[in-house]
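# Residue-level structural notes
Residues per chain are reported as follows:
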Amino acid sequence: MAKIIRTATVAITLNDLLKGQLAYLNQSNEIIALSGEDHHLQAVRDREGVRTISVPMQRAISPIKDLISLIHLYQVFKKEKPTIVHSVSPKAGLLSMTAAYLAGVPIRMHMFTGLIFPAKKGLSHFLLLQLDRLLCAFATDIYPEGQGVRTDLYRYKVTRKPLSIIANGNITGVDTNYFTIPTGAEKESIRNSLKIMHSDYVFLYVGRLVGDKGINELISAFTAVSLQFEKTKLLIVGYLESELDPLKTETILAIETNEKIIFVGFQSDVRPYYAAADCLVLPSYREGFPNVLLQGGAMGLTSIVTDVNGSNEIIQEGITGKIIPVKNVQALNQAMQASIEQGKTTAEVQNQIREHICIHYNQDLVWKAVNSEYNRLLKRVKK
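Bear in mind that the values here come from a model prediction, so they are computed numbers and not experimental data. (Residues numbered from 1 in each chain as written. Predicted model: local features only at pLDDT ≥ 70, side-chain atom pairs only at ≥ 80, totals over all residues. Heavy atoms only, no water.)

## Some words on the overall build of the protein chain
Under the convention used in this document: Elements are defined by DSSP. Helices are runs of H or I of four residues or more, strands are runs of E of two residues or more, and each kind is numbered from the N terminus. Any two residues whose heavy atoms approach within 4.5 Å are treated as being in contact. A 1.4 Å probe and the Shrake-Rupley method give the accessible areas. Residues count as covered only by the protein chains that appear here.
A count of helical and extended segments in the protein chain gives 16 helices and 12 strands. For the protein chain, the C-alpha atoms occupy an extent of roughly 65 × 45 × 35 Å along the three principal directions. Contacts spanning at least 24 positions in sequence make up 70% of the contacts within the protein chain whose residues lie at least 6 apart. Total accessible area computed for the protein chain in this model is approximately 16,800 Å², and 54% of it derives from carbon and sulfur atoms.

Here it is in structure tokens:
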């Protein structure tokens, strides 16, 4: 059995994205999960049955702290002597690939789950682009989530190395046995608990509450929509980040004071909230291959998304949802109005949406593809 270390900047990434996957992969090889230590890493350790290692890493650029993290990673890799180091988030990718190269790890894999630099300008764009190029220089194998990310990596000349897409793009896949179309009784039960009326049309957002997720635009558009349509609600599931990309003050105020906006914070189990919704909204500035669209789709939800990587690959315009321009409040407003006017999604359309997700993004397909890729790379080392 080979030793494989999976790394992420923060443990919530391992806990959320790789739920069940690490335990599956651990049957064939020794899997170690590495990130900063917190209750999420403890959850990974307990649920997946894998060994964990704590190395604190910062999402924001911090030269001194990043250097300390790099030294710790190098020490871990020299001690553990893994055959593969596989990173799945930007900062962990840069630090892990660099440290693994210096430590002589033969296979250094990085998954680009989204690109930050295309949405930035000026010095920030230049710096982030150079860091991604450095990451790719130290990695032996690079995997974009979806065709859009792959195209951008080549278009911006981030790397000239071959880029492989595992399965159909998503690193996680969706548990289609868990995320299923809810019964009418189930839908009404969760709505009642949230004080949502049967006749209300419910939009749902699931994810981090930061600027580049389009939350400012979402709140602005919904505020206008809610004035025109009395029986509508916006349900928000996720945690507020106030450091790297904070929301506007007026956005936070609207979330706190608008009676038609229901904010429930971070939830370890998001399925009930999909069940309560009529339409999923993801107005991001950038994405990799968003899991929320897979989960929502498996539960028969139509979606309104922006025309960004991943989202525009999952959603079929006019069939499984609506694709709108980025940062366009008016277009979002119009799409939400049209969704309300169209009414509740029929059972036939729900089944069509779910079938598309089940065929292309079932987690069993993804997990087997990751395991097959490990086996392919391990044969390369043995030659």
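Having seen it, we continue.
## Considerations on the pairing of strand β7 (residues 201-206)
Where we set the bar: Only protein chains enter the accessibility calculation, which uses a 1.4 Å probe. A residue is then buried if its area is under 20% of the maximum for its type, exposed if over 50%, and partly exposed in between. The pairing criterion is simple: DSSP has to find at least two bridges between the two strands. A right-handed crossover is one whose linking path, passing over the helix from the first strand to the second, runs clockwise when the strands point away from the viewer.
With respect to burial, β7 is a largely interior element, 6 of its 6 residues being buried. Burial of the side chains of β7 extends over both faces: Y201, F203 and Y205 are buried on one face and V202, L204 and V206 on the other. As judged from the 6 bridges shared by β7 and strand β8 (residues 232-237), these two strands associate in the parallel manner. Bridge pairing in β8 places F203 opposite L234. Note that the unit made of β7, helix α9 (residues 215-228) and β8 has a crossover that is right-handed. Where β7 meets strand β10 (residues 279-282), 2 bridges bridge the pair, whose relative direction is parallel. By the bridge assignment, L204 is partnered in β10 with L280.

## Observations concerning the state of the cysteines
Filter applied, for reference: Two cysteine sulfur atoms make up a disulfide if the distance between them is within 2.5 Å.
Tallying each qualifying case throughout the model produces 0 disulfides. Unpaired in terms of disulfides, C358 finds its nearest cysteine sulfur in C279, a separation of 19 Å. Overall, C358 belongs to the partly exposed group, its relative accessible area being 24%.

## Description of the nonpolar core
Selection criterion: Residues enter a nonpolar core if they are buried and are Ala, Val, Leu, Ile, Met, Phe, Trp, Tyr or Cys, with the set joined through side-chain atoms within 4.5 Å.
Counting 57 residues, the largest nonpolar core has F203, L204, L235, Y274, I304 and M336 as the members making the most contacts within it. One finds A99, A103, L128 and L135 within the second-largest nonpolar core, a separate group that totals 33 residues.

## As for the sheet that holds strand β11 (residues 302-306)
Selection criterion: Fitted lines through C-alpha atoms give the axes, limited to the stretch in contact for helices. The angle between two N-to-C directions lies from 0 to 180 degrees.
Taken in spatial order, the 6 strands make up an open sheet running β9-β8-β7-β10-β11-β12, and their pairing is parallel. Of all the strands in the sheet, the pair left with one neighbour each is β9 (261-265) and β12 (321-324). Going across the sheet, the axis of each strand differs from the next one's by a mean of 20 degrees, ignoring polarity. Direction of pairing for β10 relative to β11: parallel, over a ladder of 4 bridges. Looking across to β11, one finds that C279 is bridged to T302.

## What to know about the sheet that holds strand β5 (residues 107-112)
Within the open sheet, the 6 strands sit side by side as β3-β2-β1-β4-β5-β6. Their pairing is parallel. The two strands at the open ends of the sheet, each matched to only one other strand, are β3 (51-54) and β6 (141-144). With strand direction ignored, the average angle separating the axes of adjacent strands in the sheet is 20 degrees. Pairing analysis gives 4 bridges linking β5 to β6, with the strands arranged parallel. For F112, the partnering residue across the bridge sits in β6 and is P144. Set on the sheet, helix α16 (residues 363-382) makes contact with β1 (3-7), β4 (84-87), β5 and β6; between it and β5 the angle comes to about 150 degrees.

## Notes on helix α7 (residues 147-155)
What counts here: In this description, one arc is meant: the one made by directions from the helix axis to the C-beta atoms.
Buried within α7 we find G148, V149, D152 and L153. Along the axis of α7, the buried residues cluster in a sector spanning 135 degrees; they form a single face. Of the surrounding elements, those touching the buried residues of α7 are β5, β6 and α13 (311-314). Just past α7, the residue K157 takes up positive phi, approximately 55 degrees.

## Side note on the side chain of N15
Applicable threshold: N or O atoms within 3.5 Å of each other form a polar contact, as long as, within protein, one can give a hydrogen and the other can take it, and as long as residues adjacent in sequence are counted only when both atoms are side-chain atoms.
With respect to the helices and strands, N15 occurs in helix α1 (residues 11-17). We classify N15 as buried; its relative accessible area is 9%. Engagement of the side chain of N15 in a polar contact is seen with the side chain of R47, the distance being 2.6 Å. When near neighbours in sequence (up to four residues on either side) are disregarded, N15 contacts H40, A43, V44 and R47.

## A closer look at the pairing of β9
Sheet topology places β8 next to β9; 4 bridges connect them, and they run parallel. When the sheet's bridge partners are listed, L234 is paired in β9 with I261. Chirality of the crossover, the property in question, places the unit of β8, helix α10 (residues 249-257) and β9 among those that are right-handed.

## Some thoughts on the pattern of salt bridges
As a reminder of what qualifies: One side-chain nitrogen of Lys or Arg within 4 Å of one carboxyl oxygen of Asp or Glu is enough to make a salt bridge.
For the coordinates displayed, the defined rule picks out 18 salt bridges. For E48, the salt bridge is made with R47, and the minimal N-O distance between the two is 2.6 Å. Accessibility expressed as a relative area gives 34% for R47, which makes it partly exposed. Residues D66 and K91 are paired through a salt bridge, measuring 3.0 Å at the closest nitrogen-oxygen approach.

## As for helix α12 (residues 291-298)
Buried residues dominate α12, accounting for 8 of its 8 residues. Along α12, the residues that are buried comprise N291, V292, L293, L294, Q295, G296, G297 and A298. Among the residues trailing α12, G300 stands out with phi positive, at a value near 80 degrees.

## What to know about the packing of α9 against α10
When two helices pack together, their arrangement is given by the angle between their axes and by how far apart the axes lie. Definition in use: Angle categories: roughly parallel below 35 degrees, roughly antiparallel above 145, roughly perpendicular from 65 to 115, and oblique for all the rest. In a left-handed crossing the near helix is turned counterclockwise from the far helix by less than a right angle, and in a right-handed crossing that turn is clockwise. Three classes are used, and their members are as follows: Ala, Val, Leu, Ile, Met, Phe, Trp, Tyr, Cys and Pro are nonpolar, Asp, Glu, Lys and Arg are charged, and the others, Gly among them, are polar.
Close contact between α9 and α10 brings their axes to 10 Å; oriented N to C, the two are set at 50 degrees. Classified by the angle their axes make, α9 and α10 are oblique. Crossing of α9 against α10: the hand is left-handed. On the side of α9, the interface is formed by I215, N216 and I219, while α10 contributes T251, A254 and I255. Grouping the amino acids of the contact of α9 with α10 by side-chain chemistry returns 4 nonpolar, 2 polar and no charged.

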